[in-house]
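Listed here are the chains, written in short residue letters.
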Amino acid sequence: MITVHIDVMLAKRKMMLKELSAEVGISETNLSLLKTGKAKGVRFNTLSAICEALDCQPGDILEYKMDNTDD
Amino acid sequence: MNLSRNKILYYSDLLATGAYYLILFLFLVFLAFIASGYFFPEALAPATLNNAFNPGYGTVGLQLHPGVKNVPENVFRLQDLNGGMLAWMILRQAFFVWITILIIKRVKKVIASVKELKTFYQENIEHFKQIAKLAFIGFIFSCFNFSYIDGDFSFRLKIIWGPLILSMLSLLLTEIFKEGKQLLEDKNSII
């Protein structure tokens, strides 16, 4: 599964979600959905804008973790 | 989106509205004609019914033959019908008018939803499901008919494809709109 670390990057950059929202041009609601992993996907241009605003790479925001489900 | 800019939708809406009022008007004229026979029995004398007791989606094939005394076989003279058969014919007609009007109302709601940019929404799925149900009920009732005139009982059965095809197409549209709704939800959940 993919986990999103926007909150970690926001803390590193000492930035509020509201500021990121204003800079990226995406509503706080949608950013919250992304942050909590409730969004089904993220567009390249959204990712690009977030990376630009947080001065980071996509890998700093997204991480793939193996599912540990016992079938 | 301006509905008038989309000509197909605009004319479909116009056609649906026209059909709605035309069907109501024709049914009222038909009822008025039958009712006139109560006061002026001679008014019904030249009227024949070609399809009144055949299976079909509501058409009775009312024709006026002024001056003709002998009518062909299997064609009923309106004035020869007893009260029960007259009631059955009117009820059957009213039933098909009612079904058709309900279908047209649903179609108009679907057109209005497209106007409001709410095409792939749950309401439209429900509308198409209801149209499919109504058309199927219409199909069942259109497949049979009977007559009991002068002690002669006759029951007729025939498959009427029109309402069945409408029902199947509406069911197909229900599934297409379900798929569309799912795709829209997926699209909206991508940020």
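The shown structure was predicted, so the numbers you read here are calculated from the model rather than taken from an experiment.

1. A few points about the overall build of chain A
Then comes step 1: Across its full length, chain A carries five helices and two strands.
Then comes step 2: Sorting the 71 residues of chain A into buried and exposed places 32% on the buried side.
Then comes step 3: For chain A, long-range pairs separated by at least 24 residues make up 61% of all intrachain contacts whose partners lie at least 6 apart in sequence.
Then comes step 4: Of the roughly 5,000 Å² that chain A leaves accessible, carbon and sulfur atoms contribute 52%.
Then comes step 5: Charge separation in chain A, taken as the distance between the mean sites of 9 positive and 11 negative side-chain charges, equals 5 Å.

2. Some details on the layout of surface pockets
All names here are of chain B.
Then comes step 1: Approximately 210 Å³ is the volume attributed to the largest pocket.
Then comes step 2: If you trace the largest pocket, you find it lined by Leu22, Ile23, Leu26, Phe27, Phe30, Tyr57, Gly58, Gln93, Phe96, Val97 and Thr100.
Then comes step 3: Elements that contribute at least two residues to the lining of the largest pocket include exactly helix H1 (7-39) and helix H2 (83-115).
Then comes step 4: Examining the composition of the lining of the largest pocket, we find that five residues originate from one element, H1, more than from any other.
Then comes step 5: Residues belonging to the lining of the largest pocket are distributed by class as follows: eight nonpolar, three polar and no charged.

3. Notes on the packing of helix H2 (residues 17-24) of chain A against helix H4 (residues 44-54) of chain A
Residue and element names in this part refer to chain A.
Then comes step 1: At their nearest, the axes of H2 and H4 sit 9 Å apart, and the two run at 120° to each other. Taken as axis vectors, H2 and H4 run oblique relative to one another. Both H2 and H4 take part in a crossing whose hand is right-handed. Counting all contacts with H2, which are made through Leu20, Glu23 and Val24, the residues of H4 involved are Ala49, Ile50, Ala53 and Leu54.
Then comes step 2: Broken down by class, the residue content of the contact of H2 with H4 amounts to six nonpolar, no polar and one charged.

4. What to know about the packing of aromatic side chains
All names here are of chain B.
Then comes step 1: Counting across every chain of the model gives 14 aromatic pairs over all chains.
Then comes step 2: Ring geometry for Tyr10 and Tyr11: centres 5.2 Å apart, planes at 70°, overall edge-to-face.
Then comes step 3: Given the relative accessible area of 36%, Tyr10 is considered partly exposed.
Then comes step 4: Measuring from centroid to centroid gives 4.7 Å for Phe95 and Phe141, while their planes differ by 50°, and the two rings are tilted. With Phe95 in helix H2 and Phe141 in helix H3 (residues 122-142), this pair connects stretches of sequence that are 46 residues apart.
Then comes step 5: An aromatic cluster is defined as three or more aromatic residues linked by ring pairs; in this entry it consists of Tyr57, Phe95, Phe96, Trp98, Phe141, Phe144 and Phe155.

5. What to know about H4(A)
Residues and elements named next belong to chain A.
Then comes step 1: Buried within H4 we find Thr46, Leu47, Ile50, Cys51, Ala53 and Leu54. Down the axis, H4 shows its buried residues gathered within 165° of arc, on one side only. Facing away from the buried side of H4 by over 90 degrees, the exposed positions are Phe44, Asn45 and Glu52.
Then comes step 2: Looking at the buried positions of H4, the neighbouring elements they touch are helix H1 (6-12), H2, helix H3 (28-35), helix H5 (58-61) and strand E2 (62-64).

6. Observations regarding the interface of chain A and chain B
Then comes step 1: Facing ten residues of chain A, the contacting portion of chain B comprises six residues.
Then comes step 2: Between chain A and chain B lies a buried interface of about 650 Å² when both sides are counted; carbon and sulfur atoms form 55% of it.
Then comes step 3: The largest contributions to the chain A side of the interface with chain B come from A:Lys40, A:Gly41 and A:Arg43, which together make up 66% of the buried area.
Then comes step 4: Between chain A and chain B we count one salt bridge in total.
Then comes step 5: Linking B:Asp186 and A:Lys40 is a salt bridge whose minimum nitrogen-to-oxygen distance equals 2.7 Å.
Then comes step 6: Remark: the boundary between chain A and chain B carries six residue pairs in polar contact (both at pLDDT 80 or more).

7. A closer look at the nonpolar core
Then comes step 1: In this structure, B:Leu49, B:Phe53, B:Leu78, B:Leu81 and B:Met89 are the most contacted members of the largest nonpolar core, which totals 21 residues.
Then comes step 2: Looking at this core, the elements with two or more residues in it are H1, strand E1 (47-49) and H2 of chain B.
Then comes step 3: Looking at which element gives the most residues to this core, the answer is H1(B), with six residues.
Then comes step 4: With residues near it in sequence (within four places) discarded, B:Leu81 still touches B:Leu49, B:Phe53, B:Phe76, B:Leu86, B:Met89 and B:Ile149.
Then comes step 5: Counting residues in hydrophobic clusters, the runner-up holds 18 residues, among them A:Met9, A:Ile26, A:Cys51 and A:Leu54.

Parameters and conventions
- Residues numbered from 1 in each chain as written.
- Chains lettered and ligands numbered in written order.
- Predicted model: local features only at pLDDT ≥ 70, side-chain atom pairs only at ≥ 80, totals over all residues.
- Heavy atoms only, no water.
- Helix = DSSP H or I, 4+ residues; strand = E, 2+ residues; numbered from the N terminus.
- Buried < 20%, exposed > 50% of the residue type's maximum accessible area, 1.4 Å probe, protein only.
- Contact = heavy atoms within 4.5 Å.
- Areas by Shrake-Rupley, 256 points an atom, 1.4 Å probe, with all protein chains shown as cover.
- Lys, Arg positive; Asp, Glu negative; His and termini not counted.
- Charge placed at Lys NZ, Arg CZ, Asp CG, Glu CD.
- 1 Å grid on protein atoms, 1.4 Å probe; cavity = no way out; pocket = protein on both sides within 12 Å on 5 of 7 lines; lining within 4 Å.
- Points joined across faces, edges and corners; volume = space filled by probe spheres on them.
- Nonpolar A, V, L, I, M, F, W, Y, C, P; charged D, E, K, R; others polar.
- Axes fitted to C-alpha atoms, helices over the stretch in contact; angles between N-to-C directions.
- Parallel < 35°, antiparallel > 145°, perpendicular 65-115°, else oblique.
- Left-handed = near helix turned anticlockwise from the far one by under 90°.
- Phe/Tyr/Trp six-rings, centres within 6.5 Å; stacked < 30°, edge-to-face > 60°.
- Arc of directions from axis to C-beta.
- Buried area = accessible area lost by both parts, 1.4 Å probe.
- Salt bridge = Lys/Arg side-chain N within 4 Å of Asp/Glu carboxyl O.
- Polar contact = N/O pair within 3.5 Å; in protein donor to acceptor, adjacent residues only side chain to side chain.
- Core = buried A, V, L, I, M, F, W, Y, C linked by side-chain atoms within 4.5 Å.

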